[in-house]
Amino acid sequence: MRSRSNSGVRLDYYQRIVHRLILAHQEPVTGLFPASNVNSHAWIRDNVYCILAVWGLSMAYKKIADQDEDRAKCYELEQSCVKLMRGLLMAMMNQKDKVEKFKMTQSPYDSLHAKYSSKNGLPVVADNEWGHLQIDAVSLYLLILAQMTASGLQIVFSLDEVSFIQNLVFYIESAYSIPDYGIWERGDKTNHGEPELNASSIGMAKAALEAMNELDLFGARGGPASVIHVLADEAHKCQAVLQSMLPRESNSKELDSGLLCVIGFPAFAVDDAQLIHNTKDAILSRLQGKYGCKRFLRDGYRTPKEDPSRLYYERWELRMFENIECEWPLFYCYLILFHAFQNDKRSVQEYADRLEKIMVRSEDGILLVPESYAVPQDLVGFEYQKPGSQAREVVGRCPFLWGQSLFILGRLLQEGFLAVGELDPLNRRLGAQKKPDVVVQVVIIAEDNEIRDKLAEHDLHVQTIAEVAPIEVQPARVLSHLYTYLGRNRKLGLSGRKSRDVGILSTSKLYSLKDRIFAFTPQFVDLSRFYIASDNELMIDILKGEINFLKSAWDLLGRPLVTLVLKRIHLDQDKIPLAMIQTMRKLKSGYINGTRVMLGSLKDFLNTSAITDLSFLGSTEDGYPDRLHPDVQTYLDEHLLRSFSNRSTMNLRGGQLRPRHLRRRMSCKGAIKKTRSINVDSDNLGMEGPSPLTERRLSSVVPPPWLQANKQGHVSVFATTPEEGPTSPPQLGGELGLRENIYPVDPHHSRSAIDRRSEFVRQQEMPKILIQRHRAETNFADTEVEELIAMLRETESLEEQGDILQYLVDTQGLDFNTGMLEEGRVVTVRDLLKGLYEKACQQKLWGLVRHTAGMLGKRVEDLGKAVTDLLVRQKQVTVGMPPNNEHTITAPLPEGELRQLIHDAYGDDESTAMLTQELMVYLAMFIRTEPQLFHEMLRLRVGLIIQVMAKELSRTLICDGEAASEHLLNLSPFEMKNLLYHILSGKEFAVSSVARGNLSIVSCKSSRVSKKSQIGLGDPEGEDALIATIDDRQGQWLRRRRLDGALNRVPRDFYSRVWTVLEKCQGLAIEGRVLQQSLTQEMTPGELKFALEVETALNQIPQPEYRQLVVEALMVLTLVTEHNMVPCLGDVIYVEHLVHKANQLFLEDQRKVQGDATLCCAKLKDGKEQQQAASGMLLCGGAAYICQHLYDSAPSGSYGTMTYMSRAVALVLDCVPKHGEKECAIS
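Being a predicted model, the structure only gives us computed values, none of them experimental.

Calculation notes
- Residues numbered from 1 in each chain as written.
- Predicted model: local features only at pLDDT ≥ 70, side-chain atom pairs only at ≥ 80, totals over all residues.
- Heavy atoms only, no water.
- Helix = DSSP H or I, 4+ residues; strand = E, 2+ residues; numbered from the N terminus.
- Buried < 20%, exposed > 50% of the residue type's maximum accessible area, 1.4 Å probe, protein only.
- Contact = heavy atoms within 4.5 Å.
- Pairing = 2+ DSSP bridges.
- Axes fitted to C-alpha atoms, helices over the stretch in contact; angles between N-to-C directions.
- Parallel < 35°, antiparallel > 145°, perpendicular 65-115°, else oblique.
- Left-handed = near helix turned anticlockwise from the far one by under 90°.
- Nonpolar A, V, L, I, M, F, W, Y, C, P; charged D, E, K, R; others polar.
- Expected span 1.5 Å × (residues − 1).
- Arc of directions from axis to C-beta.
- Phe/Tyr/Trp six-rings, centres within 6.5 Å; stacked < 30°, edge-to-face > 60°.
- Lys NZ or Arg CZ within 6 Å of the ring centre and 35° of its normal.
- Core = buried A, V, L, I, M, F, W, Y, C linked by side-chain atoms within 4.5 Å.
- Domains from an automatic or database assignment.
- Patch = residues over 30% accessible without salt bridge, like charges linked within 9 Å, V, L, I, M, F, W, Y side chains within 5 Å.
- Areas by Shrake-Rupley, 256 points an atom, 1.4 Å probe, with all protein chains shown as cover.
- Salt bridge = Lys/Arg side-chain N within 4 Å of Asp/Glu carboxyl O.
- 1 Å grid on protein atoms, 1.4 Å probe; cavity = no way out; pocket = protein on both sides within 12 Å on 5 of 7 lines; lining within 4 Å.
- Points joined across faces, edges and corners; volume = space filled by probe spheres on them.
- Polar contact = N/O pair within 3.5 Å; in protein donor to acceptor, adjacent residues only side chain to side chain.
- pLDDT = per-residue confidence, 0-100.

Undergrad: Requested: an account of the overall build of the protein chain, with residues and values cited.
TA: Across its full length, the protein chain holds 45 helices and 29 strands. Expressed as a percentage of its 1227 residues, the buried residues of the protein chain come to 58%. For the protein chain, the proportion of contacts with a sequence separation of at least 24, taken over those separated by at least 6, is 73%.

Undergrad: Tell me about the environment of Arg221, and please be specific about residues and values.
TA: Its place among the elements puts Arg221 in the loop between α7 (199–212) and α8 (232–245). Assessed through its relative accessible area of 72%, Arg221 is described here as exposed. With 67 residues separating them in the primary sequence, Arg221 and Gln154 have C-alpha atoms 9.7 Å apart.

Undergrad: Residues and numbers for the sheet that holds strand β28 (residues 1073–1076), please.
TA: Taken in spatial order, the 3 strands line up as β28-β27-β29 in an open sheet, and their pairing is mixed. On the outer flanks of this sheet lie β28 and β29 (1130–1134), each paired with one strand and no other. Averaged over neighbouring strand pairs, the angle between their axes works out to 20 degrees when direction is ignored. Here 4 bridges tie strand β27 (residues 1065–1070) to β28, and the two strands are oriented antiparallel to one another. Opposite Gly1067, over in β28, you have Gln1076 as the bridge partner. Across the sheet, helix α40 (residues 1088–1098) lies against β27 and β28, angled at about 160 degrees from β28, the strand it touches most. Contacts between helix α42 (residues 1135–1153) and the sheet are confined to β27 and β29, with β29 contributing the most and set at about 65 degrees to the helix.

Undergrad: Go over the pairing of strand β16 (residues 595–600) with me, naming the residues and quoting the values.
TA: Pairing between strand β9 (residues 440–446) and β16: 4 bridges, direction parallel. Bridged to Gln441 within β16 is Met598. Between strand β15 (residues 591–592) and β16, which pair antiparallel in sequence order, lie 2 residues; one of them, Asn593, sits at a positive phi of approximately 50 degrees.

Undergrad: How would you summarise unusual backbone geometry if you had to cite specific residues and measurements?
TA: Backbone torsion omega between Leu246 and Pro247 reads 0 degrees, so that peptide bond is classified as cis. With respect to the element layout, Pro247 can be found in the loop between α8 and α9 (260–263). Omega for the bond connecting Phe265 with Pro266 falls within 30 degrees of zero, at 0 degrees, which places this linkage in the cis form. Residue placement: Pro266 occurs in the loop between α9 and α10 (273–287).

Undergrad: Could you give an account of the packing of helix α11 (residues 330–341) against helix α14 (residues 401–414), with specific residues and numbers?
TA: It is the contact of α11 with α14, at a shortest axis distance of 9 Å, that shows an interaxial angle of 30 degrees. The orientation of α11 with respect to α14, classified from their angle, is roughly parallel. When the axes of α11 and α14 are compared, the crossing they make is left-handed. In this structure, α11 uses Leu330, Cys333, Tyr334, Ile336, Leu337 and Ala340 to contact α14, whose residues at the interface are Trp402, Gly403, Leu406, Phe407, Leu409, Gly410, Leu413 and Gln414. Classifying every residue of the contact of α11 with α14 by side-chain character gives 11 nonpolar, 3 polar and no charged.

Undergrad: Summarise helix α12 (residues 345–358); cite the residues concerned and give the values.
TA: Across its 14 residues, α12 extends 20 Å between first and last C-alpha, which sits within 8% of the 20 Å expected from 1.5 Å per residue. Among the residues making up α12, those that are buried are Ser347, Val348, Tyr351, Ala352, Leu355 and Ile358. Take α12 and look down its axis: the buried residues cluster within an arc of 135 degrees, on one side only. Along α12, exposed side chains directed more than 90 degrees from the buried face belong to Lys345, Arg346 and Lys357.

Undergrad: How would you summarise the packing of aromatic side chains if you had to cite specific residues and measurements?
TA: Both the distance between ring centres and the angle between the ring planes are used here to describe each pair of aromatic rings. Evaluated as defined, the whole model comprises 25 aromatic pairs. Sitting over the face of the ring of Tyr312, Arg310 holds its NZ or CZ atom 5.5 Å from the ring centroid. Taking the ring centre of Tyr624 as reference, the NZ or CZ of Arg627 above it sits at 4.1 Å.

Undergrad: Give a detailed account of helix α45 (residues 1201–1212), specifying residues and quantitative values.
TA: Taking 1.5 Å per residue as the helical rise, α45 with its 12 residues ought to reach 16 Å, and the 16 Å between its terminal C-alpha atoms agrees with that figure. Buried within α45 we find Thr1201, Met1202, Tyr1204, Met1205, Ala1208 and Val1209. Projected down its long axis, α45 shows its buried positions confined to an angular sector of 160 degrees, all on one face. Buried residues along α45 sit in contact with α37 (1036–1047), α41 (1104–1122), α42 and α44 (1188–1191).

Undergrad: Please give an account of the sheet that holds strand β13 (residues 516–520) that cites residues and values.
TA: Taken in spatial order, the 4 strands of this open sheet run β11-β13-β12-β17, and their pairing is mixed. In this open sheet, the two edge strands, each paired with only one partner strand, are β11 (471–474) and β17 (611–613). Across the sheet, the mean angle separating the axes of adjacent strands is 30 degrees when strand polarity is ignored. Pairing analysis gives 3 bridges linking strand β12 (residues 510–513) to β17, with the strands arranged parallel.

Undergrad: Help me get a handle on the nonpolar core, residues and values and all.
TA: Counting residues in each nonpolar core, the largest one holds 150 residues, and the members touching the most others are Tyr141, Leu145, Met212 and Leu406. Inspection of this core shows a minimum of three residues originating in each of domain 1 (133–279) and domain 2 (288–433). Setting aside residues up to four positions removed in sequence, Tyr141 forms contacts with Ile44, Val48, Met85, Leu88, Leu89 and Met92. In terms of nonpolar packing, the next biggest core, distinct from the first, is built from 118 residues, Ile581, Leu833, Leu953 and Ile983 among them.

Undergrad: Could you give an account of a nonpolar patch on the surface, naming the residues involved and the relevant values?
TA: There is a patch of nonpolar side chains on the surface, built from Val1074, Val1132 and Tyr1134 and spanning about 240 Å² of accessible area. Structurally, Tyr1134 can be placed in strand β29.

Undergrad: Could you give an account of empty space enclosed by the protein, naming the residues involved and the relevant values?
TA: Scanning the model with the defined rule gives 9 cavities of 30 Å³ or more in all. The computed volume of the largest cavity comes to approximately 370 Å³. Together, 22 residues line the largest cavity, and Val525, Leu564, Val565, His570 and Met580 are the ones closest to its centre. Counting residues per element, the ones that place at least two in the lining of the largest cavity are α19 (536–553), β14 (561–566) and α20 (578–589). Its residues assigned to classes, the lining of the largest cavity shows 16 nonpolar, 4 polar and 2 charged.

Undergrad: Could you give an account of the layout of surface pockets, naming the residues involved and the relevant values?
TA: Empty space left among the atoms is revealed by rolling a probe the size of a water molecule over them. Of the voids in this model, the second largest pocket is the one considered here, and its volume is about 1300 Å³. Taken together, 40 residues line the second largest pocket, and the ones lying closest to its centre are Gln106, Ser174, Ser499, Arg500 and Glu895. For the lining of the second largest pocket, the elements supplying multiple residues, two or more each, are α4 (96–105), α6 (159–173), α8, α17 (476–483) and α30 (863–872). At 4 residues, the largest contribution of residues to the lining of the second largest pocket is made by α4. In terms of residue class, the lining of the second largest pocket is built from 15 nonpolar, 11 polar and 14 charged.

Undergrad: Go over the side chain of Asn191, please, and point to the residues and values.
TA: Among the structural elements, Asn191 can be located in the loop between α6 and α7. Residue Asn191 is classed as buried on the basis of its relative accessible area, which comes to 14%. A distance of 2.9 Å separates a polar atom in the side chain of Asn191 from the backbone oxygen of Leu311. Contacts of Asn191, omitting those with residues within four sequence positions, involve Arg186, Leu311, Tyr312 and Tyr313.

Undergrad: Now, about the pairing of β14: what can you tell me, with residues and values included?
TA: Buried residues dominate β14, accounting for 6 of its 6 residues. One ladder, built from 6 bridges, connects β9 with β14; its direction is parallel. Along β14, the bridge assignment pairs Gln441 with Leu561.

Undergrad: Which residues make up the confidence of the model for the protein chain, and what are the values?
TA: Overall, the predicted model of the protein chain reaches an average pLDDT of 81, with 82% of residues at or above 70. Here residues 643–666 is a poorly scored stretch, pLDDT under 50, and it has 52 contacts once near neighbours within four places are set aside; other chains count. Throughout residues 682–779 the model reports pLDDT below 50, and contacts reaching past four residues in sequence, or to other chains, amount to 172 contacts.

Undergrad: Describe the pattern of salt bridges, and please don't skip the residues or the numbers.
TA: The full count for this structure, using the stated rule, is 63 salt bridges. For Asp160, the salt bridge identified is with Lys491, shortest N-O distance 2.8 Å. Placement of Asp160 in helix α6 and of Lys491 in the loop between α17 and α18 (504–507) is noted, with a sequence separation of 331 residues between them. Classification of Asp160 by relative accessible area gives partly exposed; the value is 21%. Lys491 gets classed as exposed once you look at its relative accessible area, which sits at 64%.

Right, dumping it as structure tokens:
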């Protein structure tokens, strides 16, 4: 103990300051702090920060309490904290109906208010008059409530308050997917009131969820009923999204000083030390000034250029705020605390000195923290010229209590009155330290003795469900149902948890309920969910992924425990599948994919696993906390009886058999195939044939058999054959809109549109007659439905049953009564389809499974979640085939709407609609486990990815488009996921064989191909097939460009570099869309909104390989601006013009050196050739009038695309000097 003389006196000095500056303003009735002497509104966030100094001081007194008066002071300060925290709690409890509503709607108008009256705690502005939805404020309240409770304060008094706080946990648990107005109450920085996902809110929510987990709100005096429960998976989702966003704050704010409270005190929400460091450095390098830090770039608040008469900004005026944003001393206070927690005394001293220089002394000598510093009106011009040179003046409140409170905490830490651990009793600050390796425990249980014995033959000894008693094994949906009872309260009108989702972190614990112990199987093995669950290989793959995820994400006491039940349904022809045996052997060995695992029985792991008590299931409200809630009791009793009983599948066969000759007469063969719409044969991906063709059967772009005869003449309207490639497909009906080629590459190319039109009309007339004939073949109108049903009964082949049912659905509808009876019930077509679906699942006929699933309207259970996973990591998703039917998803949608959207995008092609849902789920799996696959991609275009996959199969299996899309739809889910992975990862690969249900992918390691090389897509058609057989490297660059184009991959920093080009010219025109220079007035270079604008323009280009050349042309333009060759690039630049010019130069060179292109585009000698070029058909089938050989040139080298682009830029742009020496380095 130091003597009273100095430490006590010094504390008394701080107590006087705290009293005078902070406590003097506390309202005696509510305990809240008004914003200022003239404004009685109390903000949740500011109030919580204000009280932190009081809490810190109370703990400092507690340590030196050697005299009674010190103990009294300590108690008095503590009670002020309790008074404030309870004042806020009462204000929020008055809005309990909003909390209940918000769980369902997540609408900004149903959110808790951000501020209340400090006089009576009631609302002060209406729901729609303020950006109330600020998840970080409610989260900050919960976090500090948890820390104060852990430090020994009693803030919550009754069990009703406990259930209200439990509901506040539900209120913030989806923070990772709810756009809000954020810490500055602005949302989008133009201040038009559009909420956006904010990293600072997500980080604060993650911290609050972790701090609240298993916390007893009654402190040491509580029991099981006062404990708060958090599902660990929700906190982890917040963490994953936060890590994918940092150092970005939101779509419109590429950086924000508010992130300091997320990476340091009070949230400590980031576990990755490197990411903390990068975020802090980014803030210091771009936002720090002499007087503190700017809140974010182009923040107009309180600047001399702001128009105070209106709340919002015009988009063009944001540029005016650059370099004159206000600087806030508050952030120096955060930085002092940040470094104090890191124990970096030198930095603490440095920021303390800086802060002292800019603080204001009051009349009685107390140092005050002002709110912000602005550039005076008359010095704005000088500040623009030389940022940071002018003296600034104080604007806003002084003292600014939020900053003042943090300043006092910093001083108490610096002078040794507080240790950092006292401000963080829950030890959140240790989150970024390295953790020991996690060992994942795995238990495999057999459904019955028969399966147990089968496993024993392979030397794998497991128990059956009956043998593990008294531990009960249940599926995850039981746990999800039990969690809906959490936080229910009749008096307050609060229902429990709304989300039905329980993740792997929650099912990897054991649960105790009175004297019973439950183990839950993970959610992904729940068979009733979706057809991908019946693919054993995929389930094993997902299991490996989840085990790997547990290794990195598990941070609870005890080890994670994964329980799996091996059931009858998993058997393959009564044998255990080989893949399962191999995986179990691997698990037995102790390592799987680099994760340590232990295989054992449940009772071995009882002592080492995490166990959670489900005490909240007692009927506390009825006064029987020790008895189960009656609803829970009945649910469990019912469920235990039926949870593992098998359903019977419908039997299609049986009944009286009709004579066999019926079958031949009316085969419905091919009814399913006609619904397909994957386009492969067209030489340009994404260029679909005309879709609205008289009858939906022809939405298939593969030419029907009656067109094949005309193959030599190349007039197929459906498949864009190589010769016809370049012209966009004309729209049918009404206007014949042919896209004119904007730049005739050669005078012979441009022919009058009338000529083209008449030729097109000629092409149009031919198929009409044929269409009727074609329909007559498959028209069964004259056949009675009974006969079809008889055929259905006698046919063995499931495919044929599928075709008949497809026809029945088309003509009669799903609910048509077939006249059959099963156990006295009427059987509809839908019932027959269900039976067929289940059989197809068992027999692993995946093409049929996908199709029937689509017809039955099944949807992937986790579709909404998968799309959300992609969106919150700033990836937009498009579905449908470009260019006509692409729909972009930019915000999370409910499952039903999503399914409808996908359905509309593909018309009647059920199989592809199902495949789209499936691929979205796989993309979401990859973005969770391997986010690096998605670098430099902003939009995932699922339609194009499907086409690329089919094209890739057609290339490596050397088959036509129809066969390839058939192969694609018949891949098992595991193979599909594998193929998608190879396409995303950009490794060169070949598909060696597609046997029935067996696809093997061989990675090609070629010395020529660097590791990073993207998979390209060649097409063995026409001459290309010859070239492809001679040398596979021939099509490599074309394939690579096509793939990058389809995946929308761009070079690093591409969008911010395009911004610098746009700044120097009037605009960039791409495919008829002009990016205006005014975009740079509104958006900063690193802003996501800007990147999306550029991306949208690029997506107008239907052909992926052409899109990539446009990207390369833009890169050359960025080099011109970066080397400051010219001060200004002049007018609107037509980017495609550059590409066509480069193509022209390329062809000239090819003629000189007699290169490959002399076989096609470079040999325009005799009249026949000229006519060919004029009709817009390149011999080599290159897209958009660009020679195929240019697409296939490497970027670098003297004949590389970049060389030609640079020459084109020099020729086309007037501003580039034509004479004189210029240094030219092309990297």
